[in-house]
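# Report on the structure
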Protein chains: 2
Amino acid sequence: METVTNKYVVTTSNIDGAPNESNFAICEQVVSLKVLRQPAGEGSDIVVVVKNMYVSIDPYQINRMKSYSCSQGTVSAAAALLPGQAINASGVGRVVGSTHPEFKEGDLVSGALIWGEYTLVKGISLQWLQKLDTNLSFPLSYFAGGVLGSSGLTAYGGFFKVCKPKKGDKVFVFAASGSVGSLVGQYAKLFGCYVVGCAGTKQKVDLLKDELGFDDAFNYKQETDLNSALKRYFPEGIDIYFDNVGGEMLEAAINNMNVFGRVSLCGVISEYTDDSKRAKPDMVAVVYKRIKIEGFLSVDFMDIYQEYISTTIIYLQTGELKAVEDISDGLDSIPTAFVDLFRGNNVGKKIVRISQD
Amino acid sequence: METVTNKYVVTTSNIDGAPNESNFAICEQVVSLKVLRQPAGEGSDIVVVVKNMYVSIDPYQINRMKSYSCSQGTVSAAAALLPGQAINASGVGRVVGSTHPEFKEGDLVSGALIWGEYTLVKGISLQWLQKLDTNLSFPLSYFAGGVLGSSGLTAYGGFFKVCKPKKGDKVFVFAASGSVGSLVGQYAKLFGCYVVGCAGTKQKVDLLKDELGFDDAFNYKQETDLNSALKRYFPEGIDIYFDNVGGEMLEAAINNMNVFGRVSLCGVISEYTDDSKRAKPDMVAVVYKRIKIEGFLSVDFMDIYQEYISTTIIYLQTGELKAVEDISDGLDSIPTAFVDLFRGNNVGKKIVRISQD
């Protein structure tokens, strides 16, 4: 077999409001599996062909799909995605062709793969490609942007490096049943903090309290006054707010924050699809309470990658940390999997399994 | 002379909007200058009577005068001021009576004095009282919350400790002709940054460019679009924004900020008297550009006090740093001096001279 038909997902137009399935289409392209080594020194022509197995579905991708693409183009994670263009994301797959000396057919790898059946990894994407440690007996999906991928690094780095916790700190986690929030809450508990999470369904709230060991949890959709809800759950105030929503909840959290409180922002999902939901935090409180609000991306945490990965592997092996996954099957399920993130339909890390091998 | 009639300023009611002169009144009280040493060990009964010479007039005081007094009561700087109560502020004066072993009649001191002719310094206020170094040949007003008092410490600590500058950073200072802003801009220039300030009159803008060495300056009242104004003055983006206004300017600064930009908030004057002016910063940009927004108070910088004071004294002696002062005369001028801060009528540090000696 020298060529295959590669199916992959694209957007059909820019998406400036809430996404829906009709914003996406499946394209097909013939791909040669037989790659030829290029003349020495021309590194950019080195190609690794990967058969994709698991790809990560993350809400931040919406920012790449907007007409006015986020950021000033200096941040690769937010690089604009044009309609019709293949969509890269974290993923796991098996090498089926390679001109790269370090990767050979049959290797299991993680890296920047596309929402498609095959990925031609080349150029700058090669720097993210890495062989999986097959001695670890974890599900491969953990490496597809999950607990052993970008979500894990985001949670670990965001909590330890940005929030700078102290034992006993009162920690509030929004979207606590999501891919990042579920890990932040567990890292915080393991570190010795008091942790309250919120989520949007009873099922998710039960998961936080019964399975993930949160001290408490509540359904924010059942609260008419977020300010007084937080006052009820944090009678002694909040020290750390791990935010990924922005909007009204950020305002309420600032109001309930303690002196020297820290807010880490890893996303602003309520504002991704609706500018009118922008938070108006009380900056007078930010001054008097000396609050720090800080945005971050997981790419900033490469300096603590080894610490994060070794700590997390041990926690997973001892069973102290649980990876919550929400896996759909088949390339065709990607558009719905993505759109569902904005409807709150996922529980834990959203992943699509494209092939078993 | 054993007693004097002490005149002092009070508020007549809480102030929840923009302040005006009618919110204030002058009270009189008879004060004994003859203080008696109390039984040993009862430190709280130790009193130092100070004849006030200069007192500082600062916008943050408005927050203490509101019905809903700012903060949760844990921050002494924001302690509520009841109508009829003497108003404490930074000041300089001469001791005219003392039961304190370290202060004697005739000493020049700085500390928390009242907007009045005399202050009975006792209890917790004693910890702020300190003798002035009379070997320094600076005007006494410098110590009344000015360049050698809280404004200086706010500027120095806010810039070096919160903003963490690097040489060559592009720095934007709001209210750059004010007590804190004028010092921040000069510290930043001396450190090797590119500094642009804004202010609300041509006179102030000229001061920044012609006297204080700012690289550039503009009148924000003459700009119809703050976003494009900042783009014009910072074609390479802003690294540090020293904010003390909040509102629209904060939004525009965030939009024009570089990756890893820092916003330090030492006040939010536009929101002190009008909640509707609250900023809605683009938190998506805060995430992608990894911006840090941090509130602070000068009391947090006591650990770098010695560094600040010795550095600043040298800069003042060499003439590299200029203290811009705006001094009114007489206790009766205090209400207008305060109200004028909110009308932008001051240039530099606002101080009232109550007595010459």
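About the criteria used
Every chain is numbered independently, its residues counted from 1 as its sequence is written. Chain A is the first chain written and ligand 1 is the first ligand written, with later ones labelled in order. Per-residue local features are limited, in this predicted model, to residues with pLDDT of at least 70; the limit for side-chain atom pairs, both in listing and counting, is 80 or more; totals at the level of whole chains, interfaces and linings are taken over all residues. Hydrogens and water molecules were not included; the side-chain quantities draw on all heavy atoms of the structure. Definition used in this section: a nonpolar core is a set of buried Ala, Val, Leu, Ile, Met, Phe, Trp, Tyr and Cys residues joined via side-chain atoms within 4.5 Å. Exposed residues in this analysis have more than 50% of their type's maximum accessible area, buried residues have under 20%, and partly exposed residues fall in between, with area computed by a 1.4 Å probe over protein chains only. We call two residues contacting when some pair of their heavy atoms lies within 4.5 Å. Numbered from the N terminus, helices here are DSSP runs of H or I no shorter than four residues, and strands are runs of E no shorter than two. For two strands to be treated as a pair, DSSP must find at least two bridges joining them. Axis angles are defined between N-to-C directions and span 0 to 180 degrees, where every axis is a line fitted to C-alpha atoms and, for a helix, only to the segment in contact. As a per-residue measure, pLDDT reflects the predictor's confidence and takes values from 0 up to 100. Fitting of the copies onto one another was done by least squares over C-alpha atoms, counting residues only where both copies have pLDDT of at least 70. Within this analysis, patches are made of residues with over 30% relative accessible area and no salt bridge. Like charges are joined at 9 Å or less; nonpolar side chains (Val, Leu, Ile, Met, Phe, Trp, Tyr) at 5 Å or less. Per-residue and other accessible areas follow the Shrake-Rupley method at a 1.4 Å probe size, with only the shown protein chains counted as cover for residues. Here, a salt bridge means any Lys or Arg side-chain nitrogen found within 4 Å of an Asp or Glu carboxyl oxygen. To estimate the expected span of a helix, count its residues, drop one, and scale the result by 1.5 Å. Two parts placed together each lose some accessible area; with a 1.4 Å probe, that loss summed over both constitutes the buried area. Pairs of N or O atoms are called polar contacts if they sit within 3.5 Å, as long as, within protein, a hydrogen donor faces a hydrogen acceptor (for residues adjacent in sequence, only side-chain-to-side-chain pairs). Either an automatic procedure or a domain database provided the assignment from which the domain bounds are taken. Note that a disulfide, as used here, is simply two cysteine sulfur atoms within 2.5 Å.

Within the largest apolar cluster, 104 residues are counted, with the highest numbers of intra-cluster contacts made by Trp115, Tyr241 and Met249 of chain A together with Trp115, Tyr241 and Met249 of chain B. Excluding residues within four positions of it along the chain, Met249 of chain A makes contact with Phe172, Phe174, Cys198, Phe218, Tyr220, Leu226, Leu230 and Tyr241 of chain A.

What follows deals with the side chain of Ser141 of chain B. Structurally, Ser141 of chain B is set in the loop between strand E7 (130–131) and helix H2 (150–162). With residues up to four places along the chain from it excluded, the contact list for Ser141 of chain B reads Tyr54, Gly146, Glu325, Ile327 and Ile351 of chain B.

With that out of the way, let us pick up the sheet that holds strand E11 (residues 238–243) of chain A. Spatially, E10(A)-E9(A)-E8(A)-E11(A)-E12(A)-E13(A)-E13(B)-E12(B)-E11(B)-E8(B)-E9(B)-E10(B) is the arrangement adopted by the 12 strands of the open sheet, whose pairing is mixed. Looking at which strands have only one partner, the edges of the open sheet turn out to be strand E10 (216–219) of chain A together with strand E10 (216–219) of chain B. The average angle at which neighbouring strand axes cross in this sheet is 15 degrees, direction not considered. For strand E13 (residues 292–295) of chain A and strand E13 (residues 292–295) of chain B, the ladder comprises three bridges, and the chain directions are antiparallel. Paired with Ile293 of chain A across the strands is Ile293 of chain B, a residue of E13 of chain B. This element, helix H2 (residues 150–162) of chain A, spans strand E8 (170–173), E11, strand E12 (257–265) and E13 of chain A of the sheet and lies at about 150 degrees to E11 of chain A.

Moving on to the confidence of the model for chain A. The predicted coordinates should not be examined in detail at positions where pLDDT is low. Per-residue confidence for chain A gives a mean pLDDT of 91, with 94% of residues at or over 70. With pLDDT under 50 throughout, residues 70–77 of chain A is counted as low confidence; its partners more than four residues away or in other chains account for 17 contacts.

Attention shifts here to the relation of the copies chain B and chain A. Its rotation angle being 180 degrees, the transformation that places chain B on chain A also includes 0.0 Å of axial translation and leaves an RMSD of 0.0 Å. The superposition of one copy onto the other is thereby described by a two-fold rotation axis. When you check the interface residues of chain B against chain A, 100% turn up at the interface there too, and the contact is symmetric in its surfaces.

With that out of the way, let us pick up a nonpolar patch on the surface. Residue and element names in this part refer to chain A. Taken together, Trp128, Val299 and Met302 make up a surface patch of nonpolar side chains, about 260 Å² in accessible area. Along the chain, the position of Val299 falls in the loop between E13 and helix H9 (305–318). Its relative accessible area of 32% is what places Val299 among the partly exposed residues.

Moving on: helix H3 (residues 179–191) of chain A. Residue and element names in this part refer to chain A. With 13 residues, H3 ought to run about 18 Å at 1.5 Å a step, and its terminal C-alpha atoms sit 19 Å apart, in line with that. Counting buried residues along H3, 10 of its 13 residues qualify, which places the element largely inside the surrounding structure. Looking at H3, one finds that the buried residues are Ser179, Val180, Gly181, Ser182, Leu183, Val184, Gly185, Gln186, Tyr187 and Ala188. For H3, the secondary structure elements touched by its buried residues are H2, E8, strand E9 (194–199), E11, H9 and strand E15 (349–353).

Turning our eyes to something else, we now look at the interface of chain B and chain A. Accessible area lost upon the coming together of the parts serves often as the stated size of an interface. Across the contact, 41 residues belong to chain B and 41 residues belong to chain A. Interface of chain B and chain A: buried area, both sides summed, is about 3400 Å²; carbon and sulfur atoms make up 64% of it. Counting across the interface, chain B meets chain A through four salt bridges. Asp300 of chain A serves as the salt-bridge partner of Arg290 of chain B, at 2.6 Å between the closest nitrogen and oxygen. On inspection of chain B and its partner chain A, the count reaches nine residue pairs in polar contact (both at pLDDT 80 or more).

Further remarks concern the domain arrangement of chain A. Residues and elements named next belong to chain A. Under the domain assignment, chain A is made up of domain 1 (3–146 + 324–353) and domain 2 (150–299). Placing a centre on the C-alpha atoms of domain 1 and another on those of domain 2 gives a separation of 29 Å. Summed over both sides, the interface between domain 1 and domain 2 buries roughly 1400 Å², with carbon and sulfur atoms accounting for 61% of that surface. On the domain 1 side of the contact with domain 2, Gly146, Val324 and Val347 bury the most area, a combined 28% of that side's loss. Linking domain 1 to domain 2 there are zero salt bridges. The tally of links between domain 1 and domain 2 comes to six residue pairs in polar contact (both at pLDDT 80 or more).

Moving on: the state of the cysteines. Residue and element names in this part refer to chain A. Applying the stated rule across the entire model yields zero disulfides over all chains. Cys193 forms no disulfide, and the closest cysteine sulfur to it belongs to Cys163, at a distance of 9.3 Å. The thiol sulfur of Cys266 is not disulfide-bonded, and the nearest other cysteine sulfur, from Cys163, lies at 9.6 Å.

Below, the discussion takes up H2 of chain B. Residue and element names in this part refer to chain B. Within H2, 10 of the 13 residues are buried, which leaves the element mostly enclosed by the surrounding structure. Looking at H2, one finds that the buried residues are Ser151, Gly152, Leu153, Thr154, Ala155, Tyr156, Gly157, Gly158, Phe159 and Val162. Downstream of H2 by a residue or two, Lys164 has a phi angle that is positive, lying close to 45 degrees.

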